[in-house]
Amino acid sequence: MMSFISYFINGLSLGSVYAIIALGYTMVYGIAKMLNFAHGDVIMIGGYVVFTVVSTMGLGPVAGILLAVILCTVLGVVIEGVAYRPLRMASPLAVLITAIGVSYLLQNIALLVFGSNPKSFTSVVTVPALKLADGKLTISGETIVTIISCVVIMIGLTTFIKKTRAGQAMLAVSEDKGAAQLMGINVDGTIALTFAIGSALAAIAGALLCSAYPTLTPYTGSMPGIKAFVAAVFGGIGSIPGALIGGLLLGVIENLSKAYISSQLSDAIVFAVLIVVLLVKPTGILGKKINEKV
Amino acid sequence: MKKSMKKLLSLGLAIAMAASLTACGSGKASEGTTAAGTETKGETQTTAAGGAATGEGTIKIGGIGPISGSTAIYGQAVKNGAELAVNEINANGGINGAKIEFNFQDDENDTEKSVNAYNTLKDWGMQLLVGTVTSAPCIAVGAESSNDNMFQLTPSGSAVDCTKFENQFRVCFSDPNQGAASAQYIGENKLATKVAVIYDSSDVYSSGIHDKFISEAANQGIEIASDEAFTADNNTNFSVQLQKAQDSGAELVFLPIYYSQAALILAQAKQMGYAPAFFGCDGLDGLLTVENFDTKLAENVMLLTPFAADAKDDLTQKFVTSFKEKYNETPNQFAADAYDAVYAVKAAAEKAGVTADMDASAICDKLKTAMTEISINGLTGENMKWSADGEPDKAPKAVKIVNGVYTAM
């Protein structure tokens, strides 16, 4: 029983990281109607910034995360402005290919700057581990912080969208770009803001991911990026609560199938579950049904 | 400077080629001569025209391994260790009077890049190969080298198939031998009776050791309490595997994996407050050099390795001192394997009377027999001998990490 709880909590922690990353995918998809495959690599850049600030320059973890958030926000806005904005009217396929190109570009820049040797990441979390049930159950500080951060981010983001003008503008753009523009909403600015928020979250996800699994290579972001994309689709792409549910479910399924079915087949099981969900509910768990006008 | 050298070299090559073309009728003024010609640059023409001189010239030895990528530590160590041996041999008169020219190419532990590197070296005029460093590329290159009948001695390619063909030999133990030796070591020294294993099922090195370890463990009275795998696509989250090991009550966790994952496992075991004994094979070598790795995590980790830098014998001491002087680093077993590999080549080449003007295939035929006739006292074992199937014969040793350094057990 204790080990089940432990597997479950570790799954929640992994799922929380997926959820934070999935938010970036789902927001960009919901508003700009494009898949930003470079998102996973922004996480990696965030990780390297924290690593450089904390381990090389010797500053505190808070400074590291702040700097990573700022740099990733700038990076996200620049990527959007340089690579995606000129393609706003192009076919979705062109944008998708561009996103994959940006992803490789970021990986190769990191390869050039930091080299491909793995770096051991110093955890930014200083919270001590929690020992429960006479030490039979240990929950690491990283796990606690990751889960709490995920919840806080989710509440903050939902409030932001519901209560602020910028958030309402995002909703409007996601409903109908043209109509929003006619209502006087700055569509380009709103999309840029979406990228800024998504990338800032990526920086936080990078710090949390590398703290829980302390290794850093130029490819650190790609696998979690793909899994988070799956989580976003799982929960219903475009839906913020969907990203949370998708991410958490994915993390828990992955860990439990590792524990009780096979540690080698966990990825296959995760994707099999995704296929089943999509067969039953093609738009994901919380996805909106889209009526195509003919 | 580099550019003008290249120009000079290509000019030299062109002249040498022209010379050998005109000298075509006179017979064997082929490869070896051209190689000697490039080396002496200015005097190319005379050497080329003069034909191949025995007891002089250079023997071109190629090396292949990852000097970038996640296993770069191995390749770099092999490169440095081999270079050190080459320099020593050259300073002491070379092989049968011929100097060694050594060229090391990067393969990033990738099979395709490794075969490309092999072809690059062949174009360069390689006569025999010391490599490759890691198992999967070694198997890929082996298919090529056996076709070409190119002698291949891998310092550290430990998968069974790394010596599949008769032109292939190795300095290190094979994976199954490491797995069996680990089980014997744990059993004989009574390190633990309940053992958990975490291995990479997508990696031939890791699963090779794993399989043999499991079968040998039964003979040693070791109970395998938990046996869990991971794959290359899922190699950062080890919480489940560690949890299972902990729940099973294992006193020792056996890690037949590479150091980059091992560093993660050690960190995650600490996060969850699990502190068993850890035991690994040569893949763990390099753990202490991971950038920013907290070496305290590796305290008391044991690994099966044929080489400990703190050993007191003269050969090791001399090697460690000159290695540190040159590369500012304590050599690991890969450097030692490579050093031994070059000296094994030297011993075999001298026994067989290999000269610089022989082509790769002729050298290979001679070395194949000579390797089984020599016995050398190397860094990784005394009286190392080789069998015709390419396997070395030497005794296993283990070390323990104490205060951040390897200590003989």
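None of the values given here were measured: they were computed from a predicted structure.

Counting secondary structure elements, chain B contains 13 helices and 15 strands. For chain B, restricting intrachain contacts to residue pairs at least 6 apart in sequence, the fraction spanning at least 24 positions comes to 68%.

We now examine the overall build of chain A. Per the secondary structure count, chain A includes 11 helices and four strands. Its C-alpha radius of gyration of 19 Å places chain A within 12% of the 19 Å reference for a compact globule of 294 residues. Along the three orthogonal principal directions, the C-alpha set of chain A runs to about 65 × 50 × 35 Å. Going through the 294 residues of chain A one by one, you find that 49% of them count as buried.

Our focus in this paragraph is helix α1 (residues 2–32) of chain A. Residues and elements named next belong to chain A. Taking 1.5 Å of rise per residue, 31 residues should cover 45 Å, and α1 covers 44 Å from first to last C-alpha, within 8% of that figure. Remark: the principal bend of α1, roughly 25 degrees, maps to A22. In terms of residue burial, α1 counts as a mostly covered element, since 26 of its 31 residues are buried.

Ranked by internal contacts, the top residues of the largest apolar core, which has 207 residues, are V195, Y339 and L367 of chain B. Here this core gets 16 residues from one element, more than from any other, and that element is α1 of chain A.

Next up on the list: the sheet that holds strand β1 (residues 58–65) of chain B. Strand pairs in the sheet, formed through backbone hydrogen bonds, run parallel or antiparallel to each other. Residues and elements named next belong to chain B. The five strands lie next to each other as β2-β1-β3-β4-β5, forming an open sheet whose pairing is parallel. Looking at the sheet topology across the chains shown, the edges are occupied by β2 (99–106) and β5 (168–170). Neighbour-to-neighbour, the strand axes of the sheet open up by a mean angle of 25 degrees, direction not taken into account. In terms of strand pairing, strand β3 (residues 128–131) meets strand β4 (residues 152–154) through two bridges, oriented parallel. Across the sheet, residue V130 finds its bridge partner in β4, namely L153. The strands touched by helix α4 (residues 72–91) within the sheet are β1, β2 and β3, with β2 carrying the most contacts at an inclination of about 170 degrees.

This paragraph deals with the interface of chain B and chain A. Counting from both sides, the interface comprises 29 residues of chain B and, opposite them, 29 residues of chain A. Elements with a contribution of two residues or more to the side of chain B that touches chain A: β7 (223–230), α9 (239–247) and α10 (259–271) of chain B. In terms of residue class, the side of chain B that touches chain A is made up of 10 nonpolar, 15 polar and four charged.

Time to look at unusual backbone geometry. Negative phi is the rule for most residues except glycine; trans is the rule for most peptide bonds. Of the consecutive residues G131 of chain B and T132 of chain B, the connecting peptide bond is found in the cis state with omega at -5 degrees. On the secondary structure map, T132 of chain B appears in the loop between β3 and α6 (135–148). Backbone geometry places K33 of chain A, a non-glycine residue, at a positive phi of 55 degrees. Following the sequence through the fold, K33 of chain A ends up in the loop between α1 and α2 (39–56). Judged by the 14 C-beta atoms lying within 10 Å of it, K33 of chain A falls in the partly exposed class. The phi angle at E108 of chain B is positive, at roughly 50 degrees, despite the residue not being glycine. Note on placement: E108 of chain B falls in the loop between β2 and α5 (111–124).

All names here are of chain B. Taken in spatial order, the seven strands line up as β7-β6-β8-β9-β10-β14-β15 in an open sheet, and their pairing is mixed. Each edge of the open sheet carries a strand with a single partner, namely β7 and β15 (405–408). Here the strands of the sheet are splayed against their neighbours by 25 degrees on average, with no regard to which way each runs. The sheet contact formed by strand β6 (residues 194–200) and β7 spans seven bridges and is parallel. Note on β7: the bridge partner recorded for K194 is E223. Together, β6, β7 and β8 (252–255) form the strand contacts of helix α8 (residues 204–219), whose direction differs from that of β6 by roughly 160 degrees. In the packing of α9 onto the sheet, contacts are made with β6, β7 and β8, and the angle to β7 comes to roughly 175 degrees.

This next bit is on helix α3 (residues 61–84) of chain A. Residue and element names in this part refer to chain A. Taking 1.5 Å of rise per residue, 24 residues should cover 34 Å, and α3 covers 32 Å from first to last C-alpha, within 8% of that figure. G64, I65, A68, V69, L71, C72, T73, L75, G76, I79, E80 and Y84 are the residues of α3 that are buried. For α3, the elements touching its buried residues are α2, α4 (92–114) and α8 (187–212).

Residue and element names in this part refer to chain B. With respect to the element layout, Q261 can be found in helix α10. Considering only alpha carbons, one finds Q261 and N237, 24 residues apart in sequence, at a separation of 9.7 Å. Once you skip the residues sitting within four places of it in the chain, Q261 turns out to touch D200 and N235.

All names here are of chain B. With burial as the criterion, each face of β8 is covered, one bearing L252 and F254 and the other bearing V253 and L255. Here three bridges tie β6 to β8, and the two strands are oriented parallel to one another. Within the sheet, the bridge partner assigned to V197 lies in β8 and is F254. Regarding the hand of the β-α-β motif, the stretch spanning β8, α10 and strand β9 (residues 277–280) is right-handed.

A word on the confidence of the model for chain A. When pLDDT drops low, the exact placement of atoms in the prediction is not to be read closely. In this model, chain A carries an average pLDDT of 89, and 98% of its residues clear a pLDDT of 70 or more. Across chain A, α3 of chain A holds the top mean pLDDT of 94, while strand β2 (residues 130–132) of chain A sits lowest at 79.

Take the packing of α1 of chain A against α9 of chain B next. In the contact formed by α1 of chain A and α9 of chain B, the axes pass within 10 Å of each other and the chain directions differ by 165 degrees. One finds that α1 of chain A runs roughly antiparallel with respect to α9 of chain B. At the point where α1 of chain A passes α9 of chain B, the crossing takes the right-handed sense. Facing S3, S6, Y7 and N10 of chain A of α1 of chain A, the residues of α9 of chain B in contact are S239, V240, Q243 and D247 of chain B. Of the residues belonging to the contact of α1 of chain A with α9 of chain B, the class tally is two nonpolar, five polar and one charged.

Turning our attention to the UniProt feature "transmembrane region" (unreviewed entry) in chain A. Residues and elements named next belong to chain A. If you check UniProt for "transmembrane region" (unreviewed entry), the listed places come out as residues 6–30, 65–84, 93–117, 137–161, 191–216, 228–253 and 265–286 in our numbering. Here residues 6–30 is 100% helix and 0% strand, with 35 Å between the C-alpha atoms at its ends. Secondary structure across residues 137–161 comprises 84% helix and 12% strand; the distance between its end C-alpha atoms is 38 Å.

Cut-offs used in this document
Residues numbered from 1 in each chain as written. Chains lettered and ligands numbered in written order. Predicted model: local features only at pLDDT ≥ 70, side-chain atom pairs only at ≥ 80, totals over all residues. Helix = DSSP H or I, 4+ residues; strand = E, 2+ residues; numbered from the N terminus. Contact = placed C-beta atoms within 7 Å. Rg over C-alpha atoms; globule rule 2.2 N^0.38 Å. Buried ≥ 20, exposed ≤ 12 C-beta atoms within 10 Å, placed from the backbone. Expected span 1.5 Å × (residues − 1). Bend = angle between axes of the 7 residues up to and from the residue. Core = buried A, V, L, I, M, F, W, Y, C linked by C-beta atoms within 7 Å. Pairing = 2+ DSSP bridges. Axes fitted to C-alpha atoms, helices over the stretch in contact; angles between N-to-C directions. Nonpolar A, V, L, I, M, F, W, Y, C, P; charged D, E, K, R; others polar. Right-handed = clockwise from strand over helix to strand, strands pointing away. pLDDT = per-residue confidence, 0-100. Parallel < 35°, antiparallel > 145°, perpendicular 65-115°, else oblique. Left-handed = near helix turned anticlockwise from the far one by under 90°. UniProt positions renumbered as here; feature names shortened; annotations may be inferred.

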